[in-house]
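Listed below are the residues making up each chain.
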Amino acid sequence: MNKHRLSAFVIATSLSAALVAGCGSGTSSSGSGTSTTTQNSASAASDAPAASFPRSVKHAMGTTVIKAQPKRVVVLDSGELDDVTLLGITPVGAVSPHLKSEGGFPAYLKDKIGGAVDVGPMTEPNLELITSLKPDLILTSKVRHEKIYTQLAAIAPTVMAETTGFPWKANLALYAQALGKETEAKTAVAQYEARAAELGEAIKAKNGGKLPTVSVVRFVAGPTRLYQKSSFSGVVLADVGLPRPAAQDVDQLMLEVSAEQIGKADADVVFVTTSDDPSKTKETEVQGTAVWKDLPAVKAGRVFTVPDETWMSGIGVQAADRMLADIAKATGVDAPQ
């Protein structure tokens, strides 16, 4: 997830970009096979049949021509890493999650990363190292790397989604188009959504036809965050059908709260993640307050610690499936297969 909070304006812009094609104009450029032409939806479908190349891919920074199906891919954020490995591609270069305190690539993808080179940090990728890997495609988002788009595009065809987080399914569709893997991506999303719906029905059946409310709390180096509907975890919870408490039933990314405001996390089930060394966060302070201790979920033992790298940084189908397993365990039902 973002290291810094995205404003509601940025989120609204991101959602519009993911759903509606925008208009603009610019000057075409050869060399890297890119241009600064019309900005389009991240989920725009290709007119070309799957796996047919060359193809033009419209994205947040313009249009990129990809001459042949990519084989040497570099990804510059964790959502892109989840996406390409989902589609059967081992990237030659990637960055590790920028808020992962222990460093390294995500543990849940360790069997799929192979010998990928860490080209981070995410906030300032090593362009010289990326160049040495001789990539034929670079994937990232405008919100992360707009300022270095021209430099990246000079290295290899570069495709950027508008933002990360909420539009993760649209981002997967965009990257799949660039990779010639549209069919695989559509199938993976459809299967995931079926699993999420199945899980929701199982939870409802176990709870007498009623779904429990769910809250997501993240401890970071700064104010504690309550993640809302316009976040990756928010989308997954919505796919399951789980309702949110009023304080989190909002089309925003997150709400920052003080220790005294943690009562806004009140829900039947509370999931907790920690993005950094706990000593750098407010975790101990918050969980030591009377307000936290008085939460019904705390008293009933319905607070569950879950991995930050899947619930927050994963931003893809594989991370979402890990979330489904965590939700199933917390609610006492079998995880969907």
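The structure we're discussing is the one just above.
What counts, and where the lines are drawn
- Residues numbered from 1 in each chain as written.
- Predicted model: local features only at pLDDT ≥ 70, side-chain atom pairs only at ≥ 80, totals over all residues.
- Heavy atoms only, no water.
- Phe/Tyr/Trp six-rings, centres within 6.5 Å; stacked < 30°, edge-to-face > 60°.
- Helix = DSSP H or I, 4+ residues; strand = E, 2+ residues; numbered from the N terminus.
- Buried < 20%, exposed > 50% of the residue type's maximum accessible area, 1.4 Å probe, protein only.
- Lys NZ or Arg CZ within 6 Å of the ring centre and 35° of its normal.
- Contact = heavy atoms within 4.5 Å.
- Core = buried A, V, L, I, M, F, W, Y, C linked by side-chain atoms within 4.5 Å.

(A) Representation of the packing of aromatic side chains. Under the counting rule described, the total for this entry stands at 4 aromatic pairs. Where tryptophan 168 meets tyrosine 192, the ring centres are 5.5 Å apart and the plane angle is 65 degrees; that geometry is what we call edge-to-face. Taken as a pair, tryptophan 168 in helix H7 (residues 168-179) and tyrosine 192 in helix H8 (residues 182-206) lie far apart in primary sequence, 24 residues in all. For tryptophan 168, a relative accessible area of 1% gives the class buried. Pairwise contacts between aromatic rings join Trp168, Tyr192 and Phe232 into one cluster. Positioned above the aromatic ring of phenylalanine 53, the side-chain terminus of arginine 55 is 4.4 Å from the ring centre.

(B) Region of the structure containing the side chain of serine 141. Following the sequence through the fold, serine 141 ends up in strand S6 (residues 137-141). With a relative accessible area of 1%, serine 141 lands in the buried category. Apart from the residues within four sequence positions on either side, serine 141 is in contact with Glu80, Glu146, Met160, Ala161, Glu162, Thr163 and Tyr175.

(C) The nonpolar core, seen in detail. In terms of nonpolar packing, the biggest core is built from 57 residues, with Leu139, Val159, Trp168 and Ile327 touching the most fellow members. Sorting elements by how many residues they give to this core places helix H14 (residues 317-331) first, with 8 residues. Excluding residues that lie within four positions of it along the chain, valine 159 makes contacts with Val57, His59, Thr64, Ile66, Leu137, Ile138, Leu139, Thr140, Leu174, Tyr175 and Ala178. Membership of the second largest hydrophobic core comes to 16 residues, among which are Met61, Val74, Leu76 and Ile148.

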